[in-house]
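Next come the chains, spelled out residue by residue.
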Amino acid sequence: GLVPCAVGGSPLSRWEPVGDFSSNVVERTRAALATGGSLRGILWHQGEAASWKRGNAESYARRLTNMVTQLRADLGVKYVPFIAGEVGDHYGASIEKRGGKSFVDEVNRQMKSAVAKLPAAGWVSVKGLGPGPDGIHFTTESSYELGRRYAREILRWQSIPCQMPEDEDYGGNAAAWRPQFTA
């Protein structure tokens with residue numbers, strides 16, 4: 001299962017070791033592990049808040065690397081896969097539409113740099129995924145595709161063959177695929 005810890009619109013500083021979300025992530029994960037679960041990976045889709053200020057964007061790699069390293073140490077899992085997803089270009093357009101200067105490209109460069117330096121770390125592209133009506137979030141179809149991309153990447157790090165639907169399986173429209181949820 002998943003241990004959801006997401007907080008929309010939050011800056012990286014709140015997830016760093018001295019941030020107020022850090023202890024919550026560790027506590028929730030330890031609680032899940034205490035029930036017999038196992039930690040198979042960490043999925044990270046964050047960076048939008050850093051995209052508004054040059055200083056936050058330019059320091060993102062250092063801060064993300066420190067956060068991941070400390071989180072792994074706190075959980076005793078030095079090499080658990082860490083998978084980061086880039087910030088969508090559409091978010092940068094949204095910043096500029098609201099009168100700001102976008103540093104989305106810099107955040108993505110910094111995030112890729114952190115992933116390249118961290119052991120057992122992967123990257124998920126959002127290229128080709130469309131923005132929703134608010135210009136900030138992804139469309140429903142794009143969100144499904146993003147989930148598939150995260151699944152492929154985490155399974156690749158775990159050396160588990162991944163059978164996900166491809167376009168040809170759905171008449172040229174992989175977005176028609178929907179995960180099957182059971183209660």
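Parameters at a glance
Residue positions are given per chain, counting from 1 as you read along its sequence in written order. Note on the predicted model: pLDDT of at least 70 is required for a residue's local features to be given, and 80 or more for side-chain atom pairs to be given and counted; whole-chain, interface and lining totals, by contrast, use all residues. Hydrogens are left out, water is left out, and the side-chain values use all remaining heavy atoms of the structure. Convention adopted: a line fitted to C-alpha atoms gives each axis, helices being fitted over their contacting stretch, and angles between N-to-C directions are expressed from 0 to 180 degrees. Segments assigned H or I by DSSP are reported as helices when at least four residues long, segments assigned E as strands when at least two residues long, and all are numbered from the N terminus. Orientation is classified from the angle alone, with under 35 degrees giving roughly parallel, over 145 giving roughly antiparallel, 65 to 115 giving roughly perpendicular, and any other angle giving oblique. Left-handed describes a crossing whose near helix is turned anticlockwise from the far helix through less than a right angle; right-handed describes the clockwise counterpart. Only heavy atoms enter the contact rule, under which two residues are in contact if any of them lie within 4.5 Å. Three classes are used: nonpolar for Ala, Val, Leu, Ile, Met, Phe, Trp, Tyr, Cys and Pro, charged for Asp, Glu, Lys and Arg, and polar for all others, with Gly counted as polar. The cut-offs for exposure are 20% and 50% of the maximum accessible area for each residue type, with area from a 1.4 Å probe on protein chains only; residues under the lower value are buried, those over the upper are exposed, and the others partly exposed. What makes a nonpolar core is a set of buried Ala, Val, Leu, Ile, Met, Phe, Trp, Tyr and Cys residues whose side-chain atoms join them at distances within 4.5 Å. Think of pLDDT as the predictor's per-residue confidence, scored from 0 to 100. When a carboxyl oxygen of Asp or Glu lies within 4 Å of a side-chain nitrogen of Lys or Arg, that pair is called a salt bridge.

Looking at the packing of helix α3 (residues 60-75) against helix α5 (residues 104-117)
Here is step 1 of the chain: The geometry of α3 relative to α5 is characterised by a closest axis approach of 8 Å and an angle of 40 degrees between their N-to-C directions. Considering the angle they form, α3 stands oblique to α5. Crossing geometry of α3 relative to α5 is assigned as right-handed. Side by side, α3 and α5 meet where Y60, A61, R62, L64 and T65 of the first sit next to V107, Q110, M111, S113 and A114 of the second.
Here is step 2 of the chain: For the contact of α3 with α5, the class distribution of residues is 6 nonpolar, 3 polar and 1 charged.

Concerning helix α4 (residues 89-97)
Here is step 1 of the chain: Residues of α4 that are buried include every one of H90, Y91, G92, S94 and I95, and no others.
Here is step 2 of the chain: Summarising the contacts, the buried residues of α4 are in contact with α5.
Here is step 3 of the chain: Remark: G99 follows α4 within two positions and exhibits a positive phi of approximately 90 degrees.

Section: the nonpolar core
Here is step 1 of the chain: W15, W44, Y60, L64, F82 and M111 are the most contacted members of the largest nonpolar core, which totals 32 residues.
Here is step 2 of the chain: If you list the elements that add at least two residues to this core, you get α1 (22-34), β1 (42-44), α3, β2 (82-85), α4 and α5.
Here is step 3 of the chain: Ranked by residues supplied to this core, first place goes to α3 with 7 residues.
Here is step 4 of the chain: Residues in contact with L64, not counting those within four places in the same chain, are L12, W44, F82, M111 and A114.
Here is step 5 of the chain: Judged by nonpolar contacts, the second largest core, of 9 residues, contains I83, V124, L129 and I154.

Focus on the confidence of the model for the protein chain
Here is step 1 of the chain: Residue-level pLDDT values for the protein chain average 86, and 87% of them are 70 or greater.
Here is step 2 of the chain: Confidence, expressed as mean pLDDT per element, reaches its minimum in the protein chain at α4 with 85 and its maximum at α3 with 96.
Here is step 3 of the chain: Below a pLDDT of 50 lies the segment residues 161-165, which in the model reaches 12 contacts outside its immediate sequence neighbourhood of four places, other chains included.
Here is step 4 of the chain: Every residue in residues 167-183 scores below 50 in pLDDT, and together they form 18 contacts with partners more than four places removed in sequence or on other chains.

Digging into the pattern of salt bridges
Here is step 1 of the chain: According to the stated counting rule, one finds 9 salt bridges in the structure shown.
Here is step 2 of the chain: Taking the shortest distance from any N to any O, the salt bridge between R14 and D20 comes out at 2.5 Å.
Here is step 3 of the chain: Judged by relative accessible area, which is 31%, R14 ranks as partly exposed.
Here is step 4 of the chain: Look at D20 and you get partly exposed, because its relative accessible area is 46%.
Here is step 5 of the chain: In this structure, the salt-bridge partner of E145 is R148, at a minimum N-O distance of 2.9 Å. Separated by 3 residues within a single helix, E145 and R148 lie in helix α6 (residues 140-157), roughly one turn from each other.
Here is step 6 of the chain: Its relative accessible area of 15% is what places E145 among the buried residues.
Here is step 7 of the chain: Its relative accessible area of 1% is what places R148 among the buried residues.

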